[in-house]
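Spelled out from the first residue to the last, the chains are:
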Amino acid sequence: MRVFTASLATETNTFSPVPTDRASFEEAFYAAPGDHPDTPTLCSAVMPALRRRAAADGFELVEGTAAWAEPGGYLRLDHYEALRDEILDQLRAAMPVDCVVLGLHGAMVARGLDDCEGDLLTRVRDIVGDQVIVAAEFDPHSHLTPKRVAALNILAAFLEFPHTDFEERAEHVVDLALAATRGDIDPVISTFDCRMIDVFPTNQEPMRSFVDKLESLQESAGILSLSLIHGFMAADVPCMGTRMVVVSDGDRQLGEDLAKELGLQVFGMRGTTRMTTVELPEAISLCREADATPLSGKGSLVLADIWDNPGGGTAGDNTCLLRALVEAGIRHAAIATIWDPQAAAIAHSAGEGCLLEMRIGGKSHHSSGLPLDGLFEIRCLASPGVQSFRGSQVTLGTCAVLRLHGTEIDIIVNTNRTQTFEPDIFTNLGIDPSKKPILVVKSTNHFRAGFEPVASDIRYVAIEGIYPNNPATTAYEKAPRNIWPIVDDPFAV
């Protein structure tokens, strides 16, 4: 058996002011054939999984390029085509192969091309022909298009949000791909359009029980895999929305019936799944209380600035929450992160220990708020800084810890936009989270699993910015209009 694998992934927020290009991949993660580390990235976990299986089972593995760019705005079309063709040329050189397993995200959009993954997979299928098994792992915050379904034998997405299962789901995809290549199973993909878009955190009800149900059903006779494609509301593309995916073992009718049943169950949960949010004044009131109360080992108040999440393609330089903390007289806090390559570069030029008048944040868009001006102590420098996300290592790029003079407010400024995943984003840069009564993170929900053990309370703070978080009022031009919440009952239309 001869297996080819590669990975090409990013998540495109078509409303973001931060464009994506080849340099975005090279700054975040780029590995030439054979250079992928043993640790995975969010969308390349199939590659180390296949390495382990090849060593154990004795099949031949051919690795192509693996590239990941932090979520941002439109990808340059010529840069997408160059990365695509790099992988396609590697596949042609590897032929003949029996199986192709790809690590994708599923929400990549280039200027002039709405369905990058569909384009890539169609070209892969054209190269390998109809008899070769083609499988892919996806992020659920993606778009399910007819091109992708037509080109794939196996399609599975992470089940959890936060995505704590991306490594396990990679193993799941690899298991199915190898079994199908051996002829042990006959995978058939069925889908159902839920005609909606929403946010589906799986760490709380009703989604917790729904995911548990999916995992249980995957053990049923004739069912190989179940996935819910949540959709990505920050992308104006024709197939934006939530869809149910069933991979059955040769039984299309079983798959279609189950996809519809589960998809309608998801539709029935519309409007009940989002995290409960607080507005800025309430968040500051909670901060005043936390700042005035001794920690005594009880954990920190964790505030998530959910709509300025670089993991959703925003800039991550919104200063509204930070400014409100300063103006409220809060003295003890840590913030991860404010994207500001200029401030990080200035800090590195000045050196650790220096006191410097600086202007940070608020640069990418008028919705990011005003820059914060002040006197800052440069507490720590790193190039690159890193944080963990499960077994992966995520680069912060060149970064610095800046402490606002006269306070113990420590702010991480970074060059590689990334959301916050784990508390080691602080500890790796010399900040002890246990000494901070308030921790501010830029993330929608991926931070949750990592920060729950160190938190006395977690609150999601809704601050309007560039992220289009209300589909009913978003100015979509290409996205479908007959979905909830744009219409109340799309199945009656």
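None of the values given here were measured: they were computed from a predicted structure.

Notes on the sheet that holds strand β7 (residues 187–193)
- Spatially, the 3 strands line up as an open sheet ordered β7-β9-β8, and their pairing is antiparallel. Pairing within the sheet leaves two strands with one partner each, and these edge strands are β7 and β8 (223–229). Each adjacent strand pair in this sheet contributes to an overall mean axis angle of 15°, direction not counted.
- Of the strand pairs in this sheet, β7 and strand β9 (residues 243–249) are connected by 7 bridges, and their pairing is antiparallel. Of the residues in β9, the one forming a bridge with Pro187 is Asp249.
- Taken strand by strand, helix α6 (residues 166–182) contacts β7 and β8, and its axis lies near 140° from that of β8.

Thoughts on helix α8 (residues 252–268)
- Here α8 spans 24 Å end to end across 17 residues, near enough to the 24 Å set by a 1.5 Å rise per residue.
- The set of residues buried in α8 consists of Gly255, Leu258, Ala259, Leu262, Gly263, Val266 and Phe267.
- Elements that come into contact with the buried residues of α8 comprise β7, α7 (207–217), β8 and β9.

Let's talk about a negative patch on the surface
- A grouping of Asp186, Asp249, Asp251, Glu256, Asp257 and Glu261 is seen on the molecular surface, where their side chains present a negatively charged patch.
- The biggest single contributor to the negative patch is α8, with 3 residues.
- Position of Asp249 relative to the elements: it lies in strand β9.
- A relative accessible area of 34% means that Asp249 is categorised as partly exposed.

Some details on the side chain of Ser368
- Within the fold, Ser368 resides in the loop between β13 (355–360) and β14 (372–389).
- Judged by its relative accessible area of 5%, Ser368 is buried.
- Ignoring any residue separated from it by four or fewer positions in sequence, one finds Ser368 in contact with Asp317, Asn318, Thr319, Cys320 and Gly362.

Structural notes on the packing of α7 against α8
- Interhelical geometry of α7 versus α8 gives an angle of 170° and a closest axis separation of 12 Å. The angle between α7 and α8 falls in the class roughly antiparallel. Taken together, the residues of α8 that come into contact with α7 (itself represented by Phe210, Lys213, Leu214 and Leu217) are Leu258, Glu261, Leu262, Gln265 and Val266.
- Taken together, the residues that form the contact of α7 with α8 break down as 6 nonpolar, 1 polar and 2 charged.

Reading the values: the criteria
Residues numbered from 1 in each chain as written. Predicted model: local features only at pLDDT ≥ 70, side-chain atom pairs only at ≥ 80, totals over all residues. Heavy atoms only, no water. Pairing = 2+ DSSP bridges. Helix = DSSP H or I, 4+ residues; strand = E, 2+ residues; numbered from the N terminus. Axes fitted to C-alpha atoms, helices over the stretch in contact; angles between N-to-C directions. Contact = heavy atoms within 4.5 Å. Expected span 1.5 Å × (residues − 1). Buried < 20%, exposed > 50% of the residue type's maximum accessible area, 1.4 Å probe, protein only. Patch = residues over 30% accessible without salt bridge, like charges linked within 9 Å, V, L, I, M, F, W, Y side chains within 5 Å. Areas by Shrake-Rupley, 256 points an atom, 1.4 Å probe, with all protein chains shown as cover. Salt bridge = Lys/Arg side-chain N within 4 Å of Asp/Glu carboxyl O. Lys, Arg positive; Asp, Glu negative; His and termini not counted. Charge placed at Lys NZ, Arg CZ, Asp CG, Glu CD. Parallel < 35°, antiparallel > 145°, perpendicular 65-115°, else oblique. Nonpolar A, V, L, I, M, F, W, Y, C, P; charged D, E, K, R; others polar.

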